[in-house]
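Residues per chain, in single letters:
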Amino acid sequence: MSDEVRTVTVPHLGTSTIGYEFGKPYDASLPTLVMVNSFSTSVELYRPQFAHTELSETANLLAIELYGHGETRSTYEHFTYWDSAVANLQVLDALGISEAFVLGTSQGGWVAARMAMLAPDAVKGIIPLGTSMDYESQRSRDLGCWDGIDFCTPSIDALAESVGDEWIVPVEFVDAVLEAGLGEDLAPNERSFWHATYQKNYTGDAGRQRLRISTINLRDRDGLHGRLDSVRCPVLWMQGTADQVYSVPNAEDEIRRFVNAADTELRVVEGGQHFLSASNPDDVNTATVEFINRWK
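This write-up is about the structure you can find in this document. (Residues numbered from 1 in each chain as written. Predicted model: local features only at pLDDT ≥ 70, side-chain atom pairs only at ≥ 80, totals over all residues. Heavy atoms only, no water.)

## Describing the overall build of the chain
When helices and strands are counted, the chain shows 12 helices and nine strands. The C-alpha radius of gyration computed for the chain amounts to 18 Å, which stays within 12% of the reference 19 Å derived for 296 residues, consistent with globular compactness. Burial statistics for the chain: of 296 residues in total, 57% are counted as buried. Summarising the internal contacts of the chain: among those between residues at least 6 apart in sequence, 78% fall at separations of at least 24. Split by element, the accessible area of the chain, about 11,600 Å² in all, is 47% carbon and sulfur. Taken together, the 22 basic and 43 acidic charged side chains of the chain have centroids lying 5 Å from each other. (Helix = DSSP H or I, 4+ residues; strand = E, 2+ residues; numbered from the N terminus. Rg over C-alpha atoms; globule rule 2.2 N^0.38 Å. Buried < 20%, exposed > 50% of the residue type's maximum accessible area, 1.4 Å probe, protein only. Contact = heavy atoms within 4.5 Å. Areas by Shrake-Rupley, 256 points an atom, 1.4 Å probe, with all protein chains shown as cover. Lys, Arg positive; Asp, Glu negative; His and termini not counted. Charge placed at Lys NZ, Arg CZ, Asp CG, Glu CD.)

## Details of the environment of G68
Counting through the fold element by element, G68 comes out in the loop between β4 (60-64) and β5 (73-74). Its relative accessible area of 3% is what places G68 among the buried residues. Counting along the chain gives 115 residues from G68 to G183, while the straight-line C-alpha distance between them is 24 Å. The residues contacting G68, other than those within four sequence positions of it, are F79, Y202, R210 and S214.

## Let's talk about the packing of aromatic side chains
As enumerated under the stated definition, the model contains 12 aromatic pairs in all. Arranged with centres 6.3 Å apart and planes meeting at 50°, the rings of Y198 and Y202 form a pair that is tilted. Three or more aromatic residues joined by ring pairs make a cluster, and in this case those are Y81, W110, W146, F151 and Y246. The side chain of R114 reaches across the aromatic face of W82, ending 4.9 Å from its centre. In this arrangement the basic side chain of R221 is found over the ring face of W110, its NZ or CZ atom lying 3.8 Å from the centre. (Phe/Tyr/Trp six-rings, centres within 6.5 Å; stacked < 30°, edge-to-face > 60°. Lys NZ or Arg CZ within 6 Å of the ring centre and 35° of its normal.)

## A word on the environment of F101
Within the element layout of this structure, F101 appears in strand β6 (residues 100-105). Measuring from C-alpha to C-alpha, the distance between F101 and A59 comes to 9.3 Å, with 42 residues separating the pair along the chain. Once residues within four sequence positions are removed from consideration, F101 is found in contact with P31, T32, L33, V34, K124, G125, F291, I292, W295 and K296.

## Brief notes about the side chain of N217
Of note, N217 is situated in helix α9 (residues 204-220). From its side chain, N217 meets the backbone oxygen of F79 in a polar contact 3.1 Å long. Excluding residues that lie within four positions of it along the chain, N217 makes contacts with F79, T80 and Y81. (Polar contact = N/O pair within 3.5 Å; in protein donor to acceptor, adjacent residues only side chain to side chain.)

## Thoughts on the packing of helix α6 (residues 148-158) against α9
Where α6 contacts α9, the two axes come as close as 9 Å, and the packing angle between them is 160°. The angle between α6 and α9 places the two elements in the roughly antiparallel class. Of the two elements, α6 crosses α9, and the hand of that crossing is left-handed. Side by side, α6 and α9 meet where G148, I149, C152, T153, S155 and I156 of the first sit next to R212, T215, I216, L218 and R219 of the second. The class makeup of the residues in the contact of α6 with α9 is five nonpolar, four polar and two charged. (Axes fitted to C-alpha atoms, helices over the stretch in contact; angles between N-to-C directions. Parallel < 35°, antiparallel > 145°, perpendicular 65-115°, else oblique. Left-handed = near helix turned anticlockwise from the far one by under 90°. Nonpolar A, V, L, I, M, F, W, Y, C, P; charged D, E, K, R; others polar.)

Right, here's the structure in full:
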């Protein structure tokens, strides 16, 4: 992983530049694993995957930043998760990659599912981590998931007014996301890393607007239950028992809704946090290697 995120131009949303990063130079002899980041993070979320030798030798690791995240920019101001799914597929086209596996953390999981629905011939398998296929529903709260409306609405309201060029995302926002994603015991150097990364990615009025629309998307997204029968590829869902956002009972219910998938498996990770790829990289990386080798 290099120090600078690269961008590629795609036609979606009036022409967009999409931030992406390969773990190492592309090797056409290997399958590709697209990695889709969690809410308000960036390609840096996947540092533990880029650093894993066996995973890097198994597949080309390609992290792609969603609309509203990292270096990704669009001509149009508004976007949804469906737009990010389309843009990710257009990134693959632009890079000359005809098919890929897709791993997604939190919101990345439901983007991975959308990619599989939109391009069943291109997506060979998906690995959703710490995620949900529902909207922020009463059903999901009854199954032990968070209240995403309560979490997101204060930030949406606070980010509603225009700001000056000097604005940077408040550390209180970053810390709230980090606690939900990685728990209270985050190492000080990791917390400092994410403070600096967020404050690079979300500055000025344009940064405020990207963050606000991303938060609206998280709160107000559409559910996928009625569409999950269109996913044909294998699905490996991994869910941590310490996930404060989406629960194991929710994952147990939703994995059964992939009724036409070539294969489905739910792996419960003891002590795993919401940003499972970061909290439990060894579990995730080992399972991902096995999944790719089985279905490539």
